[in-house]
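Observations on the three-dimensional arrangement
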Amino acid sequence: MSFQHLSSETDGAISTITIDRPKALNALNADTLNELEQAIDRAAGDDAVRVVILTGAGDKAFVAGADISELATLDPDGAAQVARRGQHLFRKIERLGKPVIAAINGFALGGGCELALSCSLRVASESARLGLPEVKLGVIPGYGGTQRLPRLVGRGVALELITTGEFVKADRALAIGLVNHVVAAEELLPFCRALAEKMVAVGPLAIRAALQSVDEGLDVPLDEGLAREARAFGALFGTADAREGIAAFLEKRAASFRGK
Ligand code: CAA
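Note that this is a predicted model, so its numbers are computed, not measured.

Per the stated rule, a full pass over the model turns up 15 salt bridges. Across the pair Arg-91 and Glu-94 runs a salt bridge, and its minimum N-O distance is 2.6 Å. Of this pair, Arg-91 and Glu-94 both sit in helix H3 (residues 76-94), 3 residues apart, which is roughly one turn of the helix. Using a relative accessible area of 25% as the deciding quantity, one classes Glu-94 as partly exposed. Note that Glu-244 and Arg-253 form a salt bridge whose closest N and O atoms lie 2.8 Å from each other. Counted as one network, the salt bridges with shared partners bring together Arg-91, Glu-94, Arg-95, Arg-148 and Asp-215.

Laid out in structure tokens, this is it:
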């Protein structure tokens, strides 16, 4: 499958999706969102793919937001539809069942920041700038920013970023927990691949269950989340992977997981 606005390459168990519209700083127009959904669906359906890295082409931008030229023509119904379309895709990324690492190589603004927020974790290059500048356009974040940013960094910091529309540099993004790591630009993809390799080495069913437990647990009362965690923990004990992982530890050897 070939794409016009992104590339998707799989190396071993790691799939790297690179959004590639450099003339618009990798902004997400409708076609790019459609292609991104196809690439995500493909990664979801391919058991050999265990981790996805999402990044932007070039050294200037991860994704500079939704494509503002497409927003210019929207009426209220059309705009709500555009928001739901992006939200649907980003929720799909969040619920992929495989870790998705955002490798933020430059501007991650508006919908680009929201895309990064829907990933499992975020690694930024030193030159990255993140923000939700939608209020400067007279609108608000529409791809989940008002919901995911406060869940990640807390209400006060999120409201500061959302109501000023100001960008934060990588070091501040790290300080507020918006990104997990900041690395030199040339180290960004190698660092993300090294992180991904660690995730490839462990049990895929455990990873899927952990992602689901955290995702669902954040939206339910603690006791309900704990009950769900116990059920998922129990279910894993019915898998060959858990038997293998525990036996391998006791036998002092490397585990060989099969996703079963
Ligand atoms: N949509 C469409 N085109 C964009 C774009 C976007 N989000 N961001 C940048 N571009 C285009 C510019 O129009 C410009 O195109 P031309 O060369 O044809 O003029 C090209 O990319 C390069 O951009 P700049 O010349 O502006 O580059 P700069 O270095 O001076 O500034 C920037 C970089 C600060 C990122 C600036 O481009 C910018 O502020 N971009 C918009 C960021 C933004 O507001 N994002 C939020 C979009 S709304 C949204 O995302 C809604 C939502 O939640 C769903």
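The structure having been displayed, the exposition proceeds.
If a strand is regular, its side chains alternate between the two faces of the sheet. With 6 of 6 residues buried, strand S2 (residues 14-19) lies mostly within the body of the structure. The alternating pattern of S2 places Ile-14, Thr-16 and Thr-18 and Ser-15, Ile-17 and Ile-19 on opposite faces, both of which are buried. One ladder, built from 6 bridges, connects strand S1 (residues 6-11) with S2; its direction is antiparallel. Along S2, the bridge assignment pairs Thr-10 with Ser-15. The hairpin turn running from S1 into S2, its antiparallel successor, is 2 residues long, and Gly-12 in that turn takes a positive phi close to 65 degrees. One ladder, built from 6 bridges, connects S2 with strand S3 (residues 51-56); its direction is parallel. Opposite Thr-18, over in S3, you have Thr-55 as the bridge partner. The β-α-β motif built from S2, the intervening helix H1 (residues 30-45) and the parallel element S3 has right-handed crossover chirality.

Cut-offs used in this document
- Residues numbered from 1 in each chain as written.
- Predicted model: local features only at pLDDT ≥ 70, side-chain atom pairs only at ≥ 80, totals over all residues.
- Heavy atoms only, no water.
- Salt bridge = Lys/Arg side-chain N within 4 Å of Asp/Glu carboxyl O.
- Helix = DSSP H or I, 4+ residues; strand = E, 2+ residues; numbered from the N terminus.
- Buried < 20%, exposed > 50% of the residue type's maximum accessible area, 1.4 Å probe, protein only.
- Pairing = 2+ DSSP bridges.
- Right-handed = clockwise from strand over helix to strand, strands pointing away.

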